[in-house]
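# Secondary and tertiary structure notes
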Amino acid sequence: MTYSVSPIGFVRSCFKEKFAIPRQPQLAPAARGVLELVAPFDQGDAVQGLEQVSHVWLLFLFHQALEEKPRLKVRPPRLGGNKSMGVFATRATHRPNGIGQSVVKLDKVEANRLWISGIDLLDGTPVLDIKPYVPYADIIDTASNDIASAPPLLIPVQWTDSALQQAHGHAQRLGEPLVELIEQCLAQDPRPAYQIPTPEREYGAQFWDLDVRWHYPETGVIRVLEVIPAKA
C-alpha cells in the first residue's frame, strides 16, 4: 500500500548546504528562517490561532537524502560515524520515507508565512505538516535516551579580527544575528568525528549568502578566518 503526500510549504533558511547544520533543532537559537506556505494553505485560515503558540513541530522531507532502497542500519554522526545502529534507533537523515521532524520556535505568524528560529532545516526543505507544540503532552519528565543523553559538548570559537569585522558588517546588512549563528553552529564542531584536522586544513560552509571559512589552530578549538560573499 502506498500513499501520496504534498508539501504545504517550503523553508527559506539560513542554511544553504548540509554541512554545519546543527544535528538537532534548538541547538542554535540564532538559526532563523521562514516557512512559506503554498496554496490553498496561504490564505490565513490554516494558521489562525497559531499566534497563541510559542513552538511548533514541523514534519518535513529530507529532500537531498531521499533513497530508493531503505537502509536498515545507519552510522550516526553522534557516534563518530564508525558505529552502525538500527535506523529506528537514530534520527539519521537516511529514513525509510525520508521524513524528519523538528520542533522550532515560532517568532511571527503571517497569513502566508511563519517566521521560525532554532531551526536545523536546509534551505528549500519541503514541509508536510505543522503541529502545535503542547508542553503538557510533549514533555515527558521520566524519558531517557542512553544514546543521546546530553547535548553535544561545545568547543571554543575564536575569530581573527578581520573575520569578526566582516561578520558584524554582514550582520547589519542582513538584519540577522550572524555572529551568534556562526558561533552556535561551529561550537558544535561540524567536522566529521573521524577526521583529525591539522592547523593547515581549512573548512567552509555557507550561511545565508556568505561563505564562512575556519580552521582548527589546535585540538578542540575553532578559529574563524573569513566571512565573505558566496560565489554565485
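The present account deals with the structure reproduced in this document. Please read all numbers here as calculations on a predicted model, not as lab measurements.

### Considerations on the pattern of salt bridges
- Per the counting criterion, the structure on display carries 11 salt bridges.
- Between Arg 12 and Glu 36 there is a salt bridge whose closest N-O contact spans 3.2 Å. Taken together, the residues span a long stretch of sequence, with Arg 12 in strand S1 (residues 9-13) and Glu 36 in strand S2 (residues 32-37) at a distance of 24 residues.
- With relative accessibility at 33%, the residue Glu 36 sits in the partly exposed group.

### Digging into the sheet that holds strand S11 (residues 210-218)
- With respect to topology, 4 strands assemble into an open sheet ordered S9-S12-S11-S10, the strand pairing being mixed. For this open sheet the edge positions go to strand S9 (157-159) and strand S10 (202-207), each flanked by a neighbour on one side alone. Each strand of the sheet is rotated relative to its neighbour by a mean of 35°, with strand direction disregarded.
- The sheet strands contacting helix H2 (residues 161-174) are S9, S11 and strand S12 (221-229), and the helix crosses S12 at an angle near 50°.

### Things to note about H2
- For H2, with 14 residues, the first-to-last C-alpha span of 20 Å sits near the 20 Å given by 1.5 Å per residue.
- By the burial criterion, the buried members of H2 are Ala 163, Ala 167, His 170 and Ala 171. Each buried residue of H2 lies within a common arc of 110° when the element is viewed along its axis, so the set occupies one face. Exposed side chains of H2 directed beyond 90 degrees from the buried face belong to Asp 161, Gln 165 and Gln 172.
- As for H2, its buried residues are in contact with S9, helix H3 (178-186), S11 and S12.
- Among the residues trailing H2, Gly 175 stands out with phi positive, at a value near 70°.

### Some remarks on the side chain of Glu 176
- With respect to the helices and strands, the residue Glu 176 is situated in the loop between H2 and H3.
- The buried category is assigned to Glu 176, whose relative accessible area is 17%.
- Among all residues touching Glu 176, those that are not within four sequence positions of it are Arg 32, Ala 171 and Trp 208.

### Remarks on the packing of aromatic side chains
- Per the stated rule, a full pass over the model turns up 6 aromatic pairs.
- Taking 5.9 Å as the distance between ring centres and 35° as the angle between the ring planes, the aromatic pair formed by Trp 57 and Tyr 133 counts as tilted. Remark: Tyr 133 occurs in the loop between strand S8 (126-132) and helix H1 (135-138) and Trp 57 occurs in strand S3 (residues 55-61); sequence separation between them is 76 residues.
- Pairing Tyr 203 with Trp 214 gives two aromatic rings, centres 6.3 Å apart and planes at 15°, and the pair type is stacked. A residue pair is termed long-range when its members are at least 10 positions apart, and Tyr 203 in strand S10 and Trp 214 in strand S11 qualify at 11 residues. The same class applies to Tyr 203 as to Trp 214, namely buried.
- Taken together, the aromatic side chains of Phe 19, Tyr 203, Trp 214 and Tyr 216 make up a single cluster linked through ring pairs.
- Residue placement shows Lys 108 over the ring face of Trp 115; its charged tip is 4.7 Å from the ring centre.
- Stacked on the ring of Tyr 216, the Lys or Arg Arg 191 has its end atom at 5.4 Å from the ring centre.

### Points about the environment of Ala 148
- Secondary-structure assignment places Ala 148 in the loop between H1 and S9.
- Sequence spacing of Ala 148 and Thr 90 is 58 residues, and the spatial spacing of their C-alpha atoms is 9.3 Å.

### Digging into unusual backbone geometry
- A cis amide bond, omega 5°, links Ala 39 with the succeeding residue Pro 40.
- Along the chain, the position of Pro 40 falls in the loop between S2 and S3.
- Notably, Asp 189 is not glycine yet its phi reads approximately 55°, a positive angle.
- Assignment of secondary structure puts Asp 189 in the loop between H3 and S10.
- For Asp 189, a relative accessible area of 13% corresponds to the buried category.

### Structural notes on the pairing of S2
- In the sheet, S1 pairs with S2 via 5 bridges, with the strands oriented antiparallel. Bridge pairing in S2 links Arg 12 to Val 34.
- In the sheet, S2 pairs with strand S7 (residues 113-117) via 5 bridges, with the strands oriented antiparallel. Paired with Glu 36 across the bridge in S7 is Arg 113.

Cut-offs applied
- Residues numbered from 1 in each chain as written.
- Predicted model: local features only at pLDDT ≥ 70, side-chain atom pairs only at ≥ 80, totals over all residues.
- Heavy atoms only, no water.
- Salt bridge = Lys/Arg side-chain N within 4 Å of Asp/Glu carboxyl O.
- Helix = DSSP H or I, 4+ residues; strand = E, 2+ residues; numbered from the N terminus.
- Buried < 20%, exposed > 50% of the residue type's maximum accessible area, 1.4 Å probe, protein only.
- Pairing = 2+ DSSP bridges.
- Axes fitted to C-alpha atoms, helices over the stretch in contact; angles between N-to-C directions.
- Contact = heavy atoms within 4.5 Å.
- Expected span 1.5 Å × (residues − 1).
- Arc of directions from axis to C-beta.
- Phe/Tyr/Trp six-rings, centres within 6.5 Å; stacked < 30°, edge-to-face > 60°.
- Lys NZ or Arg CZ within 6 Å of the ring centre and 35° of its normal.

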